[in-house]
Structure formats: structure tokens, C-alpha cells
Amino acid sequence: MKRFFYLVFTLVLAAIISAFFSPMSARAQVGISLYPVKFDISVEPGKPYADAITVINPNDFPIGVQPEVENISAGDEGAIDLVDTDIPHGLTAWISMDRMPFTLAPQERREVPFTITVPTGGGEPGSHYGVILFRGIPVAGTPSNGIGISGRVGSVVLATVPGDAVKTGLIESFTGPGSFLARGPVDFTFKVKNTGNSHFEPQGKITLSGPLVKTTDLSFEPRIVFPGHNRTFKAKWDTRYGFGPITATLNIMVPDSGSQNATLTFFMFPWQEALGFLALVFIIGFFWRMFRKNFRIVKISSPK
């Protein structure tokens, strides 16, 4: 029986030691870096656009790289899906590049050129989307002790074909706090709908004003709104207290729609702190009257 328990103990101890001291590289992932990660360009029919993506091997061993190209199907809230077939607003049919795999030495970087050519008379005006991807593949010299290949990385290409390209949109909603708020911070949310056939990034601000507050401008992060879809934007007024009626005015600029505006009003007052202050004043006043009722302050003159 002792020999049995000794054997079990030895096996468990060996498993623990193996888990703690096994090489970290056995669980490592081969990575690929690149830049830029986005191209937002305009391409005229019949006039090729040429550029390049820098692909980097950040590892201390060589890796293989397989270039790939896919279309992007856009959706609400900036969602994108990769599609390997032709779709409306797709871009891959116009992208030319060498798609043969290549090898990067440790720490090597390489520029991968590509060209986008919109056919004359065959390019529908508006936005077209695609992504140029790079997938890591094993090559001779890559450690074989369990290292895995990470997922693909890529540069998104947002191309606009001039012509009847329309960048229009509108504010679908603008929401903030309820009609009454005791204290901050105050969150605002608004949604923009793209009613055209080209993507855009709305620019603008939210302005807070009121008789008892300092006029304040709030910014929001610019985000792409795809054609036929909407996108939610958020802003925060990072304050603790506010007083009186406050009006929040949203103003954004949409390229072909001009200025778009929306407003909302709310009342802000720190009633809990105000009640606490009044209670403190009442208590102080009560004890002061008690003191004056039970004690008299007498001035004593010293004898001459």
C-alpha cells in the first residue's frame, strides 16, 4: 500500500513540475505586425491608385506569410464581415498584388505593393470596401515545439469612387439623463443614420449651456458610418455638480447634408447635499438659541 501511494505522489509531483517548468515557447503564437491598418482613399475610374503595406516579422525566427484579399460586408455600428465572394460594394476585383507566399527573416520588414484600378465606365460611384490580409504559415527554420500560427491580420481599404457618390445622413436619436438629475457624471448618446451611398465620419460637438452653468463643449470619438446603416456615438460630461436647467445641443457636420442639430433639456440640482446643508444650519441654529436661552453673557468690569 505504501508503494502505491508513493507511486501516485511521484506522478502528481512530476505533472506539477512539468506544468510549471515547461518551455513557454510551447504555448507561444507566431505573430505578424503591419502598418498602416486602414486606407481611406478616393479612386477615379481609369486612374490606378498605387500604395504599399509594410509587413513585419517581430519574432526571433523566420516565418512564412501568405497574402490574401477579401471583400467587406458592412453593417450597423461599424460591424464588418469578411466575404470571399463578389458582393455589392466589394473591392477585391479591382485590387492587384502579388499573392504568392514569401518568407520574412527574424525582425525583417517588407513593403508589399498593391494597386487599385477602377474600370472606366464599370465602377459604380460610392464606397467600396475590402481588406488585404496576411496569414502566417510555417517555414523551414520555424521552431516545431508546439508553436501555433496566429490569426490573420490585415489593412482595411475604404475606397470611394467619385461621381454620384453621396454622403448624406441624419440624427436618428439624441438621449441623455432624465428630466431631473441630482449629480454627475452625465452621459449622452446619439445615433446617426447614413442615407447615402458612401461612408463618412460625422464631426461635431455637444454644447452644454444654462443660466447657472459655464458653457461647456463635449467631444466624441469620430467613427465611420457605412451606407444604409447607423452608428452610435457617446459623450460624457465629467462633472460632479450642476445647478438649474441645462440645455444640451448636439451639432454634427455630414459632408453632403450640412449641419445637423438636436437638443434636450434637463434640470440638475444636488438635493441630497442641499438637504444636508439645511439640516446642518437648523441644528446649529437650534443649539445657538438653546445656548442664548440658558446662558447670559455678562461683561465684568475690574475694580478701580
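The text that follows walks through the structure, step by step, so that each part is easy to find. Each residue is numbered by its place in its chain's sequence as written, counting from 1. Side-chain atom pairs in this predicted model are given and counted only at pLDDT of 80 or more, local residue features only at pLDDT of at least 70, and totals for whole chains, interfaces and linings cover all residues. Side-chain metrics in this entry use all non-hydrogen atoms of the structure; hydrogen atoms and water are not considered.

It is worth spelling out the side chain of Asn 59 at this point. For the purposes of this entry, the term helix denotes a DSSP run of H or I that reaches at least four residues, the term strand denotes a run of E that reaches at least two, and both are numbered from the N terminus. With respect to the helices and strands, the residue Asn 59 is situated in the loop between strand E4 (49-56) and strand E5 (63-74). Note on exposure labels: buried denotes an accessible area under 20% of the residue type's maximum, exposed denotes more than 50%, and partly exposed covers the range between, all computed with a 1.4 Å probe on protein chains only. Relative accessible area serves as the criterion here: at 12%, Asn 59 is assigned to the buried category.

Salt bridge, as used here, is a side-chain nitrogen of Lys or Arg placed within 4 Å of a carboxyl oxygen of Asp or Glu. In the structure shown here, the tally under the stated rule is nine salt bridges. One network of salt bridges, with partners in common, ties together Glu 68, Glu 70, Arg 135 and Arg 152.

With that out of the way, let us pick up the layout of surface pockets. Space inside the largest pocket adds up to approximately 150 Å³. A 1.4 Å probe that fits into a set of points on a 1 Å grid over the protein atoms alone but cannot get out defines a cavity; an open set with protein on both sides within 12 Å along at least five of seven lines defines a pocket, and lining residues are those with an atom within 4 Å of a point. If you trace the largest pocket, you find it lined by Lys 38, Ile 72, Gly 78, Ile 80, Val 156, Leu 158, Glu 201, Arg 223, Ile 224, Phe 226 and Arg 231. In this classification, Asp, Glu, Lys and Arg are treated as charged, Ala, Val, Leu, Ile, Met, Phe, Trp, Tyr, Cys and Pro as nonpolar, and every other residue, Gly included, as polar. Grouping the constituent residues of the lining of the largest pocket by class yields six nonpolar, one polar and four charged. Grid points are joined across faces, edges and corners, and a volume is the space filled by probe spheres set on the points.

As a further point, take the sheet that holds strand E9 (residues 109-116). The strands that make up a sheet are held in pairs by hydrogen bonds between backbone atoms, and each pair lies either parallel or antiparallel. Spatially, four strands are ordered E2-E4-E9-E7 in an open sheet, and the strand pairing comes out antiparallel. Edge strands, defined here as strands with exactly one partner in the open sheet, are strand E2 (33-35) and strand E7 (95-96). By the bridge criterion, two bridges tie E7 to E9 in an arrangement that is antiparallel. For Ile 95, the partnering residue across the bridge sits in E9 and is Ile 116. Two strands pair if DSSP finds at least two bridges between them.

Below, the discussion takes up the pairing of strand E10 (residues 126-137). Burial analysis of E10 places 11 of its 12 residues in the buried class, which makes it a mostly covered element. Of the strand pairs in this sheet, E5 and E10 are connected by eight bridges, and their pairing is antiparallel. Residue Gly 64 lies in a different strand from E10, and its bridge partner there is Ile 137. Note that E10 and strand E12 (residues 153-161) share nine bridges and pair antiparallel. Residue pairing across strands places Leu 133 opposite Gly 154, the latter belonging to E12.

Next up on the list: the packing of aromatic side chains. Working definition: rings of Phe, Tyr and Trp (its six-membered ring) pair if their centres are within 6.5 Å, and the pair is stacked with planes under 30 degrees apart, edge-to-face with planes over 60 apart, and tilted otherwise. All chains considered together, the criterion is met by nine aromatic pairs. An angle of 50 degrees between the planes, with centres 6.2 Å apart, marks the rings of Phe 188 and Phe 266 as tilted. Remark: Phe 266 occurs in strand E20 (residues 258-268) and Phe 188 occurs in strand E15 (residues 186-194); sequence separation between them is 78 residues. In this structure Phe 188 comes out as buried when scored by relative accessible area, which is 1%. Among the residues examined, Phe 266 registers a relative accessible area of 2% and is labelled buried.

Relative to the assigned elements, Asp 40 resides in strand E3 (residues 38-42). For Asp 40, a relative accessible area of 44% puts it in the partly exposed group. Asp 40 sits 159 residues away from His 199 along the chain, and the two C-alpha atoms are 9.9 Å apart. For Asp 40, the contacting residues outside a window of four places in its chain are Leu 158 and His 199. In protein, a polar contact means a hydrogen-donor-capable atom and an acceptor-capable atom, both N or O and within 3.5 Å, with residues adjacent in sequence counting only if both atoms are side-chain atoms; elsewhere, any N or O pair within 3.5 Å suffices. Within the structure, Asp 40 has its side chain in polar contact with the side chain of His 199 (distance 3.0 Å). Any two residues whose heavy atoms approach within 4.5 Å are treated as being in contact.

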